[in-house]
Amino acid sequence: MDIQTVSYLLIGIAAVTLLVVIAFYLSLSKKKVDNQRMVEIAGYIYKGSMAYLKRQYMVLSVFIVLMFAVLAFIPQLGINTAICFVVGALFSLVAGFIGMKGATKTNVLTADAAQHGIRPALNVAFTGGSLLGLSVVGLGALGLASLFLIYGGQEINVITGFSLGASSIALFCRVGGGIYTKAADVGADLVGKIEAGIPEDDPRNPAVIADNVGDNVGDTAGMGADLFESYVGAILSAMLLSLYALGTTDMTGIAYTFLIVGIGILASIIAVFSVKLIRSKGGAHSTLKIGTYVSALITIVGAAICSQFLFDGLQYFWPILGGIISGIIIGQATEYYTSDDHKPVREIARQAETGDATTIISGLSTGFKSTVIPIIFICAAVYIAFSTAGIFGVALAAVGMLSTLGLTISVDAYGPIADNAGGIAEMAKLPAETRKITDHLDAVGNTTAAIAKGFSIGSAALTALALFTTFSQAANIQVADILSTDVMIGILIGGMLAFWFAALTLDAVSRAANKMIQEVRRQFREIVGIMEGTATPDYEKCVDISTSAALKEMVMPGLLAIIAPIAMGLLLGAEAVAGLLMGATLCGVLLAIMMSNSGGAWDNAKKYIEKGNHGGKGSDAHKASVTGDTVGDPFKDTSGPSMNILIKLMSIVAVVFAPLFIL
């Protein structure tokens, strides 16, 4: 099949996907909420979310201009790479904006729909989540296919700028969003729940609006940018490695990659509609799982047909299959270690009976153990991919894992919408039955979010490996000898950077949370009538504290990821950069899994106790579990997820700047 025809076909699929997004948004816009208290609370959340985005985008616009100038004036890169960088950055920002608009519009609609039952509420929340999911894959496919038609004939390497733009924005959005949400969350929990003894999402808590805003900026815009980057990076690696593997004039590999991407998008759209139509006896969680399996099955069948049609065999199908299956298994393993339906979380809850220390120790142990299954299956996917399709296969495995990303993000983005809906229901004092439904949707959202974090880590690992292979080809590295001094230095520094990055993000949350705690205490102390409910807290001050802290603290981690590979390459050369990427990928993936799963396990251990187990709310076990959850918050929502972007951004920076490292 002609590559131009396939490219136009993918652009058409992407355009249809974006039209579906518009149709979903318009259908949500027609829904009205009569409860004015709910509308008022949702307005606070919307205003805070958009204020944060506006200020963040102003900061990022300066960065985009500076990077454009750097790329444009480096002779080995040039103006076309710089243009692709800007397009990638803007597409990432647009995807985040659409997701944020959808989430902040849908949260109150979900709370309102919950008054009519769980099924209407699930449909509304999932429709809101699909705005982000389908936007990410639609914009990613549209950008890459369009740029390939423009530059693919002679300058295909300049398209790496698109991935660099997506990666750069993703890091700032993920780190900034993570710092924002956890500063608010930790401040709200420690002062409101522990010191003041008021419930979660109580309107008397000055940090409660900032906490709900944080769900959007961290778990919606930040998460969307993270997976947009993985999606683009995996596809780009497959495009470039297909040329290295099959020959620079053979476009069959790129055509196959584009077809898999298109099939995956269509499968995600079908799965989104199936979730809206399915009536599963297993409830919301079961319904969302069925959607995942539907999209995976369609993509697997399509990949097999395309491989047979283009290559007269299935050698390029097996990497896709390995990627999809390993992604599903990693998600299931993550659920096992983070859901209160299973032994690990219940063991943490039991350990909470003996205090804070045993709660922390048990949670850390769970996180460490949870690395085993994901690493084994990532290795299995890489082995299958390389043994059947060589270096091209490694990138195809990443494409396979991310092929149904539209559905995966939709399921994940549903989580913060359900969380916000629960907060609005609580603050608006809706009936207990309604809050029971929003609590159930929120609990399912916590599980889907944990699964998505596991998926994003696995996809980040495969994408980073694919980009590493792309870098080795671009830098003409056949073998990276670990006995070489330069390579060994690179490995050690790369591993160290992962730990340094974790420390920077944890410190950032700690400093921001400290400011939030002081402000909440001040308001409780100085504003008469807050505890009685006769005075309104200064919500905007808390929102401003989180916003300012996030924008300030995201700069250093972001610059570290960009500068480190460039400095290493200029000082010690390409092989040292290869070592840097090895060390960062190894330590970064393990830290990401451990931190995300420890945090998720602590969170759900607390919720398990709150259901009435081990003494229930107010017990000593509950107090210890709140401490564990507070420690776990920056683990699972800031440092862990940000680690994915660190390893991917360093890899794509190395690919783009590889011409500077070749001596």
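In case you missed it, the structure is sitting above this.
Okay, so let's go over this structure. Values in this document were obtained by computation on a predicted structure and should not be read as measured data. (Residues numbered from 1 in each chain as written. Predicted model: local features only at pLDDT ≥ 70, side-chain atom pairs only at ≥ 80, totals over all residues. Heavy atoms only, no water.)

**Quick look at the pattern of salt bridges**
Reasoning step 1: Under the defined criterion, the tally for this structure stands at 19 salt bridges.
Reasoning step 2: Among the salt bridges present, the one from D637 reaches K182, with a minimum N-O distance of 2.9 Å. On the criterion of sequence distance, the pair formed by D637 in helix α19 (residues 620-656) and K182 in helix α5 (residues 160-195) is long-range, its members being 455 residues apart. Across the pair, K182 and D637 agree in class, each one buried.
Reasoning step 3: Overlapping salt bridges, with partners in common, bring together K182, D185, D603, K607, D633, K636 and D637 in one network. (Salt bridge = Lys/Arg side-chain N within 4 Å of Asp/Glu carboxyl O. Helix = DSSP H or I, 4+ residues; strand = E, 2+ residues; numbered from the N terminus. Buried < 20%, exposed > 50% of the residue type's maximum accessible area, 1.4 Å probe, protein only.)

**A few points about the nonpolar core**
Reasoning step 1: I159, L164, Y256, F258, F471 and F657 are the most contacted members of the largest nonpolar core, which totals 230 residues.
Reasoning step 2: Broken down by element, this core gets its largest block of residues, 20 residues, from helix α6 (residues 208-246). (Core = buried A, V, L, I, M, F, W, Y, C linked by side-chain atoms within 4.5 Å.)

**With respect to the packing of aromatic side chains**
Here a ring pair, both rings aromatic, is described through the centre-centre distance and the interplanar angle of the planes.
Reasoning step 1: The full count for this structure, using the stated rule, is 14 aromatic pairs.
Reasoning step 2: Measuring from ring centre to ring centre gives 5.4 Å for Y316 and F392, while their planes differ by 50 degrees; the resulting arrangement is tilted. Residue Y316 is found in the loop between α8 (283-311) and α9 (317-338), and its partner F392 is found in helix α12 (residues 372-402); the two are separated by 76 residues along the sequence. Both residues of the pair, Y316 and F392, count as buried. (Phe/Tyr/Trp six-rings, centres within 6.5 Å; stacked < 30°, edge-to-face > 60°.)

**Comments concerning unusual backbone geometry**
Reasoning step 1: Here K429, not a glycine, exhibits a phi torsion of approximately 55 degrees, which is positive.
Reasoning step 2: Tracing the backbone shows K429 in the loop between α13 (405-427) and α14 (432-474).
Reasoning step 3: Of note in the backbone geometry, N476 takes a positive phi value of approximately 60 degrees without being a glycine.
Reasoning step 4: In this structure, N476 sits in the loop between α14 and α15 (485-526).
Reasoning step 5: Look at N476 and you get exposed, because its relative accessible area is 56%.

**A short note on a nonpolar patch on the surface**
Reasoning step 1: Residues L314, W318, Y383 and I384 make up a contiguous nonpolar surface patch of roughly 400 Å² in combined accessible area.
Reasoning step 2: Relative to the elements of secondary structure, L314 occurs in the loop between α8 and α9. (Patch = residues over 30% accessible without salt bridge, like charges linked within 9 Å, V, L, I, M, F, W, Y side chains within 5 Å. Areas by Shrake-Rupley, 256 points an atom, 1.4 Å probe, with all protein chains shown as cover.)

**So, the state of the cysteines**
Reasoning step 1: Tallied over the entire structure, the rule returns 0 disulfides.
Reasoning step 2: Left unpaired, C587 is separated from the closest cysteine sulfur, that of C379, by 15 Å. (Disulfide = S-S within 2.5 Å.)

**A closer look at helix α11 (residues 356-369)**
Reasoning step 1: Over its 14 residues, α11 runs 20 Å from end to end, which matches the ideal 20 Å to within 8%, given 1.5 Å per residue.
Reasoning step 2: Within α11, burial applies to T359, S362, G363, T366 and G367. Across the axial projection of α11, the buried residues extend over an arc of 135 degrees, all falling on one side. Summarising the geometry of α11, the exposed residues directed more than 90 degrees from the buried face are A357, I361 and F368.
Reasoning step 3: Looking at the buried side of α11, the elements it contacts are α9, α10 (343-351), α18 (574-610) and α19. (Expected span 1.5 Å × (residues − 1). Arc of directions from axis to C-beta. Contact = heavy atoms within 4.5 Å.)

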